[in-house]
Amino acid sequence: MAVRPILETHSSSADPSWWGAMLLGAVFIIAGLIVLGDVVAATMISAILIGIVLLVAGASEVFQSFSAPHWRGFLLRLLIGLLYAVGGLMLVTDPAGASIALTLVFALALIASGAVRIVQAVEYWQWFGWLLLASGIVGILAGLVILSKWPVSGLWVLGLVVGIDLLLHGFWWITLGSQLRNDHGAIAA
């Protein structure tokens, strides 16, 4: 007795996977547009949410440190937990200041990462090294643009990056949903 794949037993209109993916994509795009509508507010909200997560993680690590079997493990876990908690507290109490500091680190990381990708592009040229080179150049340029506007850029960069990420992720889901719809239609026919 042959087992028929599930895809063959459903029509494309009855299968929720393609329209569920497209619906999720639409939600991501709407969220991205809302975030891009006020990147400063999105940056502050993101900083506060990250701060809350760090506070919870820090408190959990401090609590967990008391179960360490040795003093060295206890002290290390306690220190890590306290650092998480302090970072989280800084983000929650002063999201603007913390965002400015995070943006500086982000810009420097983009420049460093871009430089590494350019070096790797030469080494891996035969495996789409030109794409790695382009990525490295864009990373360095993005870092320099952020630095050229710093510290003011600290108030909008995080929100801009989150908004663009949401839009791109939404477009990906919609593209996937469209592909699933086309594939299901071809299989059902």
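Rules behind the numbers
- Residues numbered from 1 in each chain as written.
- Predicted model: local features only at pLDDT ≥ 70, side-chain atom pairs only at ≥ 80, totals over all residues.
- Heavy atoms only, no water.
- Helix = DSSP H or I, 4+ residues; strand = E, 2+ residues; numbered from the N terminus.
- Buried < 20%, exposed > 50% of the residue type's maximum accessible area, 1.4 Å probe, protein only.
- Polar contact = N/O pair within 3.5 Å; in protein donor to acceptor, adjacent residues only side chain to side chain.
- pLDDT = per-residue confidence, 0-100.
- Contact = heavy atoms within 4.5 Å.
- Expected span 1.5 Å × (residues − 1).
- Phe/Tyr/Trp six-rings, centres within 6.5 Å; stacked < 30°, edge-to-face > 60°.
- Lys NZ or Arg CZ within 6 Å of the ring centre and 35° of its normal.

Q: What is the right way to look at the side chain of Ser 153 in this model?
A: Inspection of the secondary structure puts Ser 153 in the loop between α6 (129–148) and α7 (157–188). The class for Ser 153 is buried, based on a relative accessible area of 0%. Here the side chain of Ser 153 touches Ile 146 through a polar contact of 3.0 Å, landing on its backbone oxygen.

Q: What should I look at first to understand the confidence of the model for the protein in this one?
A: A low pLDDT score tells you not to read the predicted coordinates there in detail. Averaged over every residue, the pLDDT of the protein is 83; residues scoring 70 or more account for 88%. When mean pLDDT is compared element by element in the protein, helix α3 (residues 39–65) scores highest at 90, while helix α1 (residues 6–9) scores lowest at 44. Scored below 50 in pLDDT, residues 1–14 makes twelve contacts in the model with residues more than four places away or belonging to other chains.

Q: Just checking my understanding: could you explain helix α5 (residues 95–123) for this structure?
A: For an α-helix the count is 3.6 residues per turn, leaving residues at separations of three or four pointing the same way. End to end, α5 covers 41 Å across 29 residues, agreeing with the expected 42 Å (1.5 Å per residue, within 8%). The set of residues buried in α5 consists of Pro 95, Ala 98, Ser 99, Thr 103, Ala 107, Leu 110, Gly 114, Arg 117 and Ala 121.

Q: Looking at this structure, I do not really get the packing of aromatic side chains. What am I missing?
A: The description of two aromatic rings rests on the distance between their centres and on the angle between their planes. Inspection of every chain in the model, using the stated rule, returns three aromatic pairs. Here Phe 66 and Phe 74 contribute two aromatic rings whose centre-to-centre distance is 5.2 Å and whose plane-to-plane angle is 55 degrees, an arrangement assigned as tilted. With centroids separated by 4.9 Å and ring planes inclined at 75 degrees, the aromatic side chains of Trp 172 and Trp 173 adopt a geometry described as edge-to-face. By relative accessible area, which is 46% here, Trp 172 ends up partly exposed. Over the ring of Trp 18 we find Arg 181; its NZ or CZ atom is 4.5 Å from the centre of that ring.

Q: Explanation requested: unusual backbone geometry in the structure shown.
A: A negative phi angle characterises most non-glycine residues, just as the trans form characterises most peptide bonds. Of note, the bond from Trp 150 into Pro 151 is cis; its omega dihedral lies within 30 degrees of zero at 15 degrees. With respect to the helices and strands, the residue Pro 151 is situated in the loop between α6 and α7.

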